[in-house]
Amino acid sequence: MTATQERPTETGREIGRDRRRKEDQRLITGRTRWTDNITLPGMLHVAMVRSPFAHARIAGIDTSVAQESPNVVTVITGADVADEQGSLPNAWPITPDQVTPAHPPIAVDRATFAGEIVAVVVARSAAAARDAAELVDVEYEELPAAVDLKEAAQATPENGGALAHPELGTNKSAFWVFDSATAGTGGNVDEAIEKARDDGIVIEREYRQQRLIPAFMEPRSTVVDPTGEQITMWSATQIPHILRFLLAAVTGVSESKIRVIAPDVGGGFGGKLQTTPEEFIVFLLARRLGKPVKYTETRSESLVAAHHGRDQWQKLTLSAEKDGTVTGFKVELLADLGSHVSLIGGGVPVLGAFMFNAIYKFPAYRFNVQTVLTNKTWTDAYRGAGRPEATYAVERMMDELAAEVGVDPLQIREKNWITHDEFPFTSVCGLEYDSGNYEAATARAKEMFGYDELRAEQKRRRESGDPVQLGIGVSTFTEMCGLAPSRVLGSLDYGAGGWEHASVRMLPTGKVELLTGASAHGQGHETAFSQIVADRLGVAFEDVEVLHGDTAISHKGMDTYGSRSLVVGGEAVVKAADKVIEKAKVIAAHLLEASADDLEFAGGRFQVKGTDQGMAIGEIALATFAAHNLPDGVEPSLDSDATFDPVNFNYPHGTHLCAMEVDTETGQVRMRKYAACDDIGNIINPLIVSGQVHGGLVQGIAQALWEEAVYDDAGTLVSGSFVDYLLPTAADTISFDLDHTTSPATTNTLGTKGVGEAGTIASTPAVVNAVVDAVRHLGVNDVRMPCTPERVWKAINDARGGGGDVVAAETEAAAAPHFDAAEGTEGAGR
């Protein structure tokens, strides 16, 4: 699956240059506008009353005292709006028989997770609304809560297990399968495994992907103004265009009467790739009351009620020949949906299904996932969305295979990976990897890391019986990103396409406005897109203005997620700019009294071949605006639109190496070194890329070492603040050694690949592999994430045949001491 290149990419003044982000000046000087900064005349404020129980019948709600409180306008319950509030949509029913419970924005008769909204207070100030919310008296009848994922999967009315939605009679939502034998893309995995049991190697493991919280910097906020010709919503969202469509679809309001604006958005990581109960509630209240309404969540609300990520059990079976050549891989997942099937929540593990084979030539593969409803906060996309889970599983298993065969982990990978001369390569899942060079990325990573020297040090420490052992972790990954090909998404029953739109406007002054359907929340779109347009049109970087995030200005788009902005949105920008050039060429030929075939365009000028006659594109823009001397039948506009829908995904890759020191007496871990060589094709702005990789690395490392959303047996989130949910700071990490190799993508004109999720996908298995490698000689083959000192110590102690009381697996992370990776010190907090 390849696309032809219409014009050669001219990498000149801007593409490939370390440009500081245009956005940063206003962001760091406080001259930006977050949603919560918006104040409108007569604006009302909302506070949410949330259930403290994971599962409870709402026996009654007394709002009278709250209603009489000062400055309170109204108090609304789910019963008050039951007929008009609708149900939050699920855009990806992964099977035709998927069980999908109704999801009202305000619970009507039953709360299904701790944090669910059961009533809403509207007041003239945010403080008055919050005060009155505490006066709403809700009578609950607590019900059994489905909390443990494995137990929930087995629960039935007959066995008395807790059901998240008793009326459904099951917690099982959907069962989705990919089988290479059935699909015709590979062999029969069960046959491969059985054969290996007789004359090869079979490795079986079960890994836990703990639940994580996106924890974006800016809490979610929504303002709705119903007083104009349109209903205008400002929201801290990643998806303004999708949000507009779904508001119209659920409420029945004409899409033309809704305007959604995503102003500056302070991070998302997938956590704002959602249509939220709060957005629908504020929209409903503003229409009801005829006044602007605002809601901004507290940090505690964000942690308990904004969607979570990951939360899987992975049962894995890998078969191989005795020399380590993999013959089959079988993946069986349980995936926790939480209390509802969210916008694309059920589809997250399906995205991962195509990446468990990673960079390897597995001949047989089978994947299945059972999605399960529980009485916990609902899950959806979190940075990587299915790909980190898949990469963790396969990279951990490749280390296990290397240990079984008795060879270096890199050697086992090299035996099984796709070589650079085999591209394009069709994987066992049927995807076509267009380009890559795993050998080059690995060689460069080893060089930066000092791989052989660290292995020698590891050997010395083991021989000397040093209590602090050294482990080396490997992660050689690829990912499918640029979430886009509409036909592929359609074949998977996804409810939307994956195209992206751009418009380029040539202004009479020679300056350029670019409208993009991609909506930034920290990625640097304004800078990178300006660089592309500047190079393509030959205008100054400073003369390009990028407009986005407002459906009244950029009227078409599929928004930002899945590392798609550059590889899909950027290609739409290129195509729109090329259309401007083609339009300008006709007018330039007329003004220069030359044939269009005799014109060359470079550096922003049309030149008549072999002469010194020419015109700058800015001059042509002014002449077009004046329209005094245009060719007959040519309209006076250079403005151009383009919509790009790729024919394939995008496949960045890389090799990440991590060295961890583990104190075998205390379980304490310390990161010694981290080197990463990523191949993301051609790079537009190395400075932005470096920032994306650094941020991604820290998030992936945090899953390995610190972060976990922990629930007690009653379904209460006990890690609901940053005291207990351990987010790393810069002081908790080390300096990373980064570099890149370049295998240009063949599926877009710029040759680019995605980078937004690469660090998160690759780093988690690299760290855990390093921790396990440090203590494997002691009999340890797994440490459950996060690798807290207690868990590491317990794994060592259990392998030695010891005992000892430990904190229960589901609660220990909340109490685990915080560890500073850079200094090797412990402390209760910061």
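In this convention, every chain numbers its residues from 1, walking through the sequence in written order. The predicted origin of the model limits local features to residues at a pLDDT of at least 70 and limits the giving and counting of side-chain atom pairs to 80 or more, whereas totals for whole chains, interfaces and linings rest on all residues. Hydrogen atoms and water are omitted, and side-chain values are computed over all heavy atoms in the structure.

## Here we look at the overall build of the protein
Here is step 1: Helical segments are the DSSP runs of H or I of at least four residues, strand segments are the runs of E of at least two, and each set is numbered from the N terminus. Each helix and strand in the protein was counted, giving 22 helices and 30 strands.
Here is step 2: Taken over C-alpha atoms, the radius of gyration is set against a globule rule of 2.2 Å times the number of residues to the power 0.38. Its C-alpha atoms give the protein a radius of gyration of 28 Å, near enough to 28 Å, the size a compact globule of 830 residues would have.
Here is step 3: C-alpha extents for the protein along the principal axes are approximately 90 × 75 × 50 Å.
Here is step 4: Using a 1.4 Å probe on the protein chains alone, a residue whose accessible area is under 20% of its type maximum counts as buried, one over 50% counts as exposed, and one in between counts as partly exposed. Looking at the 830 residues of the protein, the share that counts as buried comes to 61%.
Here is step 5: Every residue pair with non-hydrogen atoms within 4.5 Å of one another is taken to be in contact. Residue pairs at least 24 apart in sequence account for 79% of intrachain contacts in the protein once pairs closer than 6 positions are excluded.
Here is step 6: Computed with the Shrake-Rupley method and a 1.4 Å probe, the accessible areas treat only the protein chains shown as cover for residues. Per element, the accessible surface of the protein, about 29,600 Å² overall, is 49% carbon and sulfur.
Here is step 7: Charge assignment: positive for Lys and Arg, negative for Asp and Glu; neither His nor the chain ends contribute. Every charge is mapped onto a representative atom, which is NZ of Lys, CZ of Arg, CG of Asp or CD of Glu. Across the protein, the 73 positively charged side chains and the 115 negatively charged ones have centroids separated by 2 Å.

## Concerning the confidence of the model for the protein
Here is step 1: On a scale of 0 to 100, pLDDT captures the predictor's confidence in every residue. For the protein, per-residue confidence averages 94 on the pLDDT scale, and 95% of positions sit at 70 or higher.
Here is step 2: Low confidence marks residues 1-11, where pLDDT is under 50. Its contacts with residues over four positions away, or in another chain, come to 26 contacts.
Here is step 3: Considering only residues more than four positions removed or in separate chains, one finds that residues 804-830, a stretch of pLDDT under 50, has 64 contacts.

## Re the sheet that holds strand 15 (residues 365-373)
Here is step 1: When DSSP finds two or more bridges between two strands, those strands count as paired. Pairing within the open sheet is mixed, and its 5 strands lie in the order 7-15-14-13-8. At either end of the open sheet lies a strand with only one pairing partner, and these are strand 7 (172-179) and strand 8 (201-212). Ignoring strand direction, the axes of neighbouring strands in this sheet form an average angle of 10 degrees.
Here is step 2: Sheet topology note: the strand 13 (residues 309-320)/strand 14 (residues 326-338) ladder contains 9 bridges and is antiparallel. The residue of strand 14 that forms the bridge with T317 is K330.
Here is step 3: In this analysis, axes come from line fits to C-alpha atoms, helices being fitted only over the stretch in contact, and the angle between any two N-to-C directions falls in the range 0 to 180 degrees. Together, strand 8, strand 13, strand 14 and strand 15 form the strand contacts of helix 6 (residues 189-199), whose direction differs from that of strand 14 by roughly 120 degrees.

## Let's talk about the packing of helix 16 (residues 525-537) against helix 17 (residues 565-591)
Here is step 1: Relative to each other, helix 16 and helix 17 sit at 30 degrees, their axes nearing to 10 Å. The two elements helix 16 and helix 17 meet at a crossing, and its hand is right-handed. Residue-level inspection shows H525, F529, I532, V533, R536 and L537 of helix 16 in contact with helix 17, the latter providing S565, L566, G569, G570, V573, V574, A577, D578, V580 and I581. Crossing handedness is defined as follows: a turn of the near helix away from the far one that is anticlockwise and smaller than a right angle gives a left-handed crossing, while the clockwise case is right-handed.

## Points about the sheet that holds strand 19 (residues 500-506)
Here is step 1: What the 4 strands build is an open sheet, ordered 21-20-19-25; its pairing is mixed. With partners counted over all chains shown, the strands left at the sheet margins are strand 21 (544-547) and strand 25 (640-644), one partner each. In this sheet, neighbouring strand axes are inclined to one another by 20 degrees on average, regardless of whether the strands run parallel or antiparallel.
Here is step 2: Where strand 19 meets strand 20 (residues 512-516), 5 bridges bridge the pair, whose relative direction is antiparallel. If you follow S503 over to strand 20, its bridge partner there is L515.
Here is step 3: On top of the sheet, helix 17 reaches strand 19, strand 20 and strand 25; it is set at about 145 degrees to strand 25, its chief contact.

## Section: the pairing of strand 27 (residues 669-679)
Here is step 1: Extensive coverage of strand 27 is indicated by the burial of 8 of its 11 residues.
Here is step 2: Note: strand 26 (residues 653-663) against strand 27, 10 bridges, orientation antiparallel. Looking across to strand 27, one finds that L657 is bridged to A675.
Here is step 3: Once strand 26 ends, the chain turns through 5 residues before running back antiparallel as strand 27, passing G667 with a positive phi of about 85 degrees.
Here is step 4: Here strand 27 pairs with strand 28 (residues 737-741) via 5 bridges, running parallel. Note that in strand 28 the partner of D679 across the bridge is T741.

## Some words on the environment of A146
Here is step 1: Tracing the backbone shows A146 in the loop between strand 6 (137-142) and helix 4 (149-154).
Here is step 2: The buried category is assigned to A146, whose relative accessible area is 3%.
Here is step 3: Considering only alpha carbons, one finds A146 and I231, 85 residues apart in sequence, at a separation of 39 Å.
Here is step 4: Leave out the neighbours within four places in its chain, and A146 touches A152, A162, L163, A164, N171, T374 and N375.

## Re helix 20 (residues 758-775)
Here is step 1: Working rule for helices: expected span equals 1.5 Å times residues minus one. The first and last C-alpha atoms of helix 20 sit 27 Å apart over 18 residues, in line with the 26 Å expected at 1.5 Å per residue.
Here is step 2: A large share of helix 20 lies buried, amounting to 18 of its 18 residues.

## Section: the environment of G271
Here is step 1: Within the element layout of this structure, G271 appears in the loop between strand 11 (258-261) and helix 8 (277-289).
Here is step 2: The sequence separation of G271 and P646 amounts to 375 residues, and the corresponding C-alpha distance is 25 Å.
Here is step 3: Filtering out sequence-adjacent residues up to four positions away, G271 remains in contact with P214, F216, Q238, H307 and A381.

## Focus: the packing of helix 19 (residues 686-705) against helix 20
Each pair of packed helices can be described by the angle between their axes along with the distance between the axes.
Here is step 1: The geometry of helix 19 relative to helix 20 is characterised by a closest axis approach of 7 Å and an angle of 40 degrees between their N-to-C directions. Considered as vectors, helix 19 and helix 20 are oriented oblique to each other. The way helix 19 lies across helix 20 gives a crossing that is right-handed. On helix 20, the residues that touch V693, G696, L697, Q699, G700, I701, Q703, A704 and L705 of helix 19 are G759, T760, S763, T764, V767 and V768.
Here is step 2: Each residue is assigned to one class: nonpolar for Ala, Val, Leu, Ile, Met, Phe, Trp, Tyr, Cys and Pro, charged for Asp, Glu, Lys and Arg, and polar for all the others, Gly among them. Per-class residue counts for the contact of helix 19 with helix 20 are 7 nonpolar, 8 polar and no charged. By the definition adopted for this analysis, an angle is roughly parallel if under 35 degrees, roughly antiparallel if over 145, roughly perpendicular if from 65 to 115, and oblique otherwise.

## Some thoughts on the pairing of strand 23 (residues 605-608)
Here is step 1: Only one face of strand 23 is buried: it carries F606 and V608, and the other face, with R605 and Q607, is open.
Here is step 2: Direction of pairing for strand 22 (residues 599-602) relative to strand 23: antiparallel, over a ladder of 4 bridges. Bridge pairing in strand 23 places L599 opposite V608.
Here is step 3: As judged from the 3 bridges shared by strand 23 and strand 24 (residues 614-616), these two strands associate in the antiparallel manner. In the sheet register, R605 faces strand 24, and the bridge partner there is A616.

## Focus: the pattern of salt bridges
Here is step 1: Each reported salt bridge corresponds to a side-chain nitrogen of Lys or Arg within 4 Å of a carboxyl oxygen of Asp or Glu. All told, the structure shown has 55 salt bridges when counted by the stated rule.
Here is step 2: One salt bridge in this structure joins R197 and E194, with 3.4 Å as the shortest N-O distance. Within this pair, R197 and its partner E194 are both found in helix 6, separated by 3 residues, close to a single helical turn.
Here is step 3: Its salt-bridge partner being E457, residue R461 comes within 2.9 Å of it at the nearest N-O pair. With R461 and E457 both in helix 14 (residues 451-464) and 4 residues apart, this pair spans about one turn of that helix.
Here is step 4: Taken together, the shared-partner salt bridges in this structure form one network comprising R50, R220, E278, E297 and E301.

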